[in-house]
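As a plain string of letters, each chain reads:
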Amino acid sequence: MKDFVIQDIQPNSYFTKNTYLDNAFVLTAPEMPFSSDLVTILEKWSFKKVFSEGDANSEYSAANADGDVTNTSSIGLSQQSDGEKLTKAEEFYSSFLFFVENMFVRATVSDELDQKAVTEKIKDIVEYIKEDRRFIMRVLKNIEPAQGKNYLATHSVRSTILSIIIGSYLKLPPYRMIELGVAAILHEVGMLKLPSQTYLSQRQLTPQEQKMIMTHPVLGYTMLKSFDFPIPVCLAALEHHERENGTGYPRRLVSEKISLYSKIIAVACSYEALSSKRPHKEAKDGYTGMLELLKNEGKAYDDTVVKALVLSLSIYPIGLYVLLSNGKKGQVVDVNPENPRFPIVQVFGEFTPDGKIKMMQTAQGALTITRPLNRNEIDT
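Residues numbered from 1 in each chain as written. Predicted model: local features only at pLDDT ≥ 70, side-chain atom pairs only at ≥ 80, totals over all residues. Heavy atoms only, no water.

Visitor: I keep staring at the confidence of the model for the protein and nothing clicks. Help me out?
Guide: It should be kept in mind that the predicted coordinates are not to be read in detail where pLDDT is low. Across the protein, the average pLDDT comes to 81, with 78% of residues at 70 or higher. At the low end of the mean pLDDT range in the protein sits strand 4 (residues 26–28), at 66; at the high end sits helix 9 (residues 231–239), at 97. Contacts from residues 65–80, a stretch scored under 50 in pLDDT, to residues over four places away or in other chains number 37 contacts. (pLDDT = per-residue confidence, 0-100. Helix = DSSP H or I, 4+ residues; strand = E, 2+ residues; numbered from the N terminus. Contact = heavy atoms within 4.5 Å.)

This is the structure in structure tokens:
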């Protein structure tokens, strides 16, 4: 593996083999230009070098792109088994969402919050994600939050899953993984103390309502403390809107004063918000969301935590809708451990003899990903 000084790489050149940020994270494949935007992002992150076994050329040529062409026939995977696992993941997600919705109702109506029940549920979530992360990630992308539903429950569920994935990458010990999960599932609980029209509104909030919203971290901290939740969990509710550069709230803390759980939840929430539809904005695809987090404008988020999210989900996250080089649309369903630049995709409009959507191995010189697609492009 050769190293290349980023400043010496001509923008929009093509490498004949993958470029890597480290031993595992793929930055570009031979079909992708080493763009000026990518150079800017890497320089902002103070990266000096990238690594590749290939060479940089001013133009892309398939003849210069080294490597074996992988067979692009239907993957010999157990599709029935994968289908069953995906169904199980959908059921698991629905069950988790139902649990959170009911927990929030009880907390609102009866001022009840069962610490033991929450902890036991998080134990199940941590174990499930450990075993079937790729399927639950597909569910997160495939299932849009229902119109009119309490977005707090959906946001809490999705942020919790992402937080646990980040915590796994950071190799937190089991007891801290559970504590992180509890903190994530309850980080917005202070919102329940506000009038519901402030956080369920489909309209633009008034300045007074916006000020009310900004009190929810303090309300959440006070509420969790009254139920004797561990201090790290209470602090996560208090600090999840704090930012590394001191621009957050409620206390305008800076990096070293913000707790680790808060830093993780802040990144998970931001990615979840970027990739989910809200009343006043459209969802962005996972690829664009990743790039926005990588840019980390103003250094609002902890670099280590952002890297943990990006490296654990990859630049082409499972669940991402993509346009393929054959003009077909598809969805990333799995990584290819032998060649991570070419994930496995489901190709829409192509079917196996038994009527299932065909799964294909993308490959150099054959079927490749051209670009991500947004939800509107998928529906057309």
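Text resumes after the structure shown.
Visitor: Can you help me understand helix 10 (residues 260–274) in this one?
Guide: Helical geometry: 3.6 residues make up each α-helical turn, so side chains three or four residues apart lie on a common side. A rise of 1.5 Å per residue sets the reference length of helix 10, with its 15 residues, at 21 Å; its end C-alpha atoms lie 21 Å apart and thus fit the reference within 8%. The element helix 10 is largely enclosed, with a buried count of 13 among its 15 residues. (Expected span 1.5 Å × (residues − 1). Buried < 20%, exposed > 50% of the residue type's maximum accessible area, 1.4 Å probe, protein only.)

Visitor: What should I look at first to understand helix 5 (residues 174–185) in this one?
Guide: Given a rise of 1.5 Å per residue, 12 residues ought to cover 16 Å, and the 17 Å separating the end C-alpha atoms of helix 5 matches this to within 8%. Along helix 5, the residues that are buried comprise M177, E179, L180, G181, V182, A183, A184 and I185.

Visitor: Whenever I open this one, the sheet that holds strand 9 (residues 344–351) confuses me. Can you help?
Guide: Strand order across the open sheet formed by 5 strands is 10-9-8-7-11, with antiparallel pairing between neighbours. Unpaired on one side and paired on the other, strand 10 (357–361) and strand 11 (369–372) mark the two borders of the sheet. On average, each strand axis in the sheet is inclined to that of its neighbour by 45°, with strand direction left out of account. For strand 7 (residues 321–324) and strand 8 (residues 329–334), the ladder comprises 3 bridges, and the chain directions are antiparallel. Along strand 8, the bridge assignment pairs V322 with G330. (Pairing = 2+ DSSP bridges. Axes fitted to C-alpha atoms, helices over the stretch in contact; angles between N-to-C directions.)

Visitor: Explain the side chain of E239 to me, please; I cannot follow it from the model alone.
Guide: Note that E239 resides in helix 9. For E239, a relative accessible area of 3% puts it in the buried group. When sequence neighbours within four positions are dropped, the list of residues in contact with E239 reads R251, L253, K257, I258, S259 and S262.

Visitor: Help me understand the packing of helix 4 (residues 151–169) against helix 12 (residues 303–313), please; the structure alone is not making it clear to me.
Guide: Packing of helix 4 against helix 12 leaves a shortest axis separation of 9 Å and a crossing angle of 95°. The angle between helix 4 and helix 12 falls in the class roughly perpendicular. Of the residues in helix 12, those in contact with L162, I165, I166 and Y169 of helix 4 are V305, A308, L309, L311, S312 and L313. Taken together, the residues that form the contact of helix 4 with helix 12 break down as 9 nonpolar, 1 polar and no charged. (Parallel < 35°, antiparallel > 145°, perpendicular 65-115°, else oblique. Nonpolar A, V, L, I, M, F, W, Y, C, P; charged D, E, K, R; others polar.)

Visitor: For this particular structure, what's the right way to read the environment of Y221?
Guide: Within the secondary structure, Y221 is located in helix 8 (residues 216–226). Here the alpha-carbon distance between Y221 and L238, two residues 17 residues apart in the chain, equals 5.2 Å.

Visitor: Please clarify how the packing of aromatic side chains should be interpreted in this entry.
Guide: Geometrically, a pair of aromatic rings is defined through the distance of the ring centres and the angle of the planes. Across all of its chains, the model carries 4 aromatic pairs by this definition. Taken together, a centroid distance of 5.0 Å and an interplanar angle of 90° make the contact between F4 and F15 edge-to-face. Of this pair, F4 sits in strand 1 (residues 2–5) while F15 sits in strand 2 (residues 14–15), and the two are 11 residues apart along the sequence. Judged by centre distance (5.8 Å) and plane angle (55°), the ring pair of F15 and F34 falls under tilted. Within this pair, whereas F15 is found in strand 2, its partner F34 is found in the loop between strand 4 and helix 1 (36–44), the two being separated by 19 residues in sequence. A residue is classified by how much of its surface remains accessible, and F34, at 0% relative accessible area, is buried. Grouping aromatic residues by their ring pairs yields a cluster made of F4, F15 and F34. (Phe/Tyr/Trp six-rings, centres within 6.5 Å; stacked < 30°, edge-to-face > 60°.)

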